[in-house]
Amino acid sequence: MRATASTALFVCVGVLTAAFACSSSGPSRPPQQTGSSCTTTTNCYPGIDAATLKGTATCLTQLQGGYCTHTCTSDSDCCAVPGECPSGFTEVCAPLESAPQTYCFLSCSSTAIAAAPNGGTTDPTAYCQSFANPTFTCRSTGGGSANQKFCGP
């Protein structure tokens, strides 16, 4: 039995929901670890020894759908471990909603977007939806003077 176009579209949407690109005409979604959906920390950073991260792996459950990240003290703590950021996109260390703890977030600053591999866009929302999650937008961490722009729910 041949798959119809609507069946193919349904499968594509299902795969896209799982955070993989399905369109052959658009950019392919890289395997981004930070920002992946989670319900517990054990969902985060598969294939990486959590003890090697430059901080403590965390699932930010206060963000819709959960947000895999880890604690940090500077931008250099983000993507410091081989395989942590296989996509090569810029991450920043910032507080969330003015809390004292800082975390790694996928950056959507204009500088980060311009430097991104396979970027192809200057629109922050399109960038986040193409390379992080189809439901994400570019938003503020709300971190006061340490505020950063990141891809998030």
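Values in this document were obtained by computation on a predicted structure and should not be read as measured data.

Colleague: So what exactly am I meant to see when it comes to the nonpolar core here?
Modeller: When a protein is soluble and globular, its nonpolar side chains tend to lie buried together. Counting 21 residues, the largest nonpolar core has Tyr67, Phe105, Tyr127 and Cys151 as its most contacted members. At the level of elements, strand E3 (91-95), strand E4 (102-106), helix H3 (124-131) and strand E6 (149-152) are the ones that each hand at least two residues to this core. If we skip the residues at most four places from it in the chain, cysteine 151 touches Tyr67, Leu106, Ser107, Cys108, Tyr127, Cys128, Ala132, Phe136 and Thr137. Grouped together as the second largest cluster of nonpolar side chains are 9 residues, Cys38, Ile48, Leu53 and Val81 included.

Colleague: Is there a simple way to think about the pattern of salt bridges in this case?
Modeller: When their charged atoms lie close together, side chains carrying opposite charge are able to pair. For the structure shown, the criterion picks out 1 salt bridge. Here glutamate 97 and arginine 139 are joined by a salt bridge, their closest N and O atoms 3.7 Å apart. A residue pair is termed long-range when its members are at least 10 positions apart, and glutamate 97 in the loop between E3 and E4 and arginine 139 in strand E5 (residues 137-140) qualify at 42 residues.

Colleague: I would appreciate a short explanation of the state of the cysteines in the present structure.
Modeller: Each disulfide consists of one covalent bond between the sulfur atoms belonging to two cysteines. Across all of its chains, the model carries 7 disulfides by this definition. There is a disulfide in this structure between cysteine 72 and cysteine 93, and the S-S distance comes to 2.1 Å. In this structure the cystine formed by cysteine 72 and cysteine 93 twists about its S-S bond by roughly 105°; its chirality is therefore right-handed. Here cysteine 72 is found in the loop between strand E2 (68-70) and E3, whereas its partner cysteine 93 is found in strand E3, with 21 residues between them in sequence. The pair cysteine 72 / cysteine 93 is uniform in exposure class, with both members buried. Across the disulfide, cysteine 78 is cross-linked to cysteine 104 (sulfur-sulfur distance 2.1 Å).

Colleague: Looking at this structure, how should I read the packing of aromatic side chains?
Modeller: Any aromatic ring pair is given by two values, namely how distant the centres are and how the planes are angled relative to each other. For the coordinates displayed, the defined rule picks out 8 aromatic pairs. Relative to phenylalanine 136, the ring of tyrosine 67 lies with its centre 6.0 Å away and its plane at 20°, an arrangement referred to as stacked. Here tyrosine 67, found in the loop between strand E1 (57-59) and E2, pairs with phenylalanine 136, found in the loop between H3 and E5; they are 69 residues apart in sequence, far enough to count as distant. Their ring planes at 35° and their centres at 5.0 Å tell us that phenylalanine 89 and phenylalanine 131 sit as a pair that is tilted. Of this pair, phenylalanine 89 sits in the loop between E2 and E3 while phenylalanine 131 sits in helix H3, and the two are 42 residues apart along the sequence. Of the residues examined, phenylalanine 89 reaches a relative accessible area of 5% and is grouped as buried. One aromatic cluster is present, formed by Tyr67, Tyr103, Phe105, Phe136 and Phe150 through successive ring pairs.

Thresholds applied
- Residues numbered from 1 in each chain as written.
- Predicted model: local features only at pLDDT ≥ 70, side-chain atom pairs only at ≥ 80, totals over all residues.
- Heavy atoms only, no water.
- Core = buried A, V, L, I, M, F, W, Y, C linked by side-chain atoms within 4.5 Å.
- Buried < 20%, exposed > 50% of the residue type's maximum accessible area, 1.4 Å probe, protein only.
- Helix = DSSP H or I, 4+ residues; strand = E, 2+ residues; numbered from the N terminus.
- Contact = heavy atoms within 4.5 Å.
- Salt bridge = Lys/Arg side-chain N within 4 Å of Asp/Glu carboxyl O.
- Disulfide = S-S within 2.5 Å.
- Phe/Tyr/Trp six-rings, centres within 6.5 Å; stacked < 30°, edge-to-face > 60°.

From the geometry alone we can't say anything about function, so treat these as descriptive.
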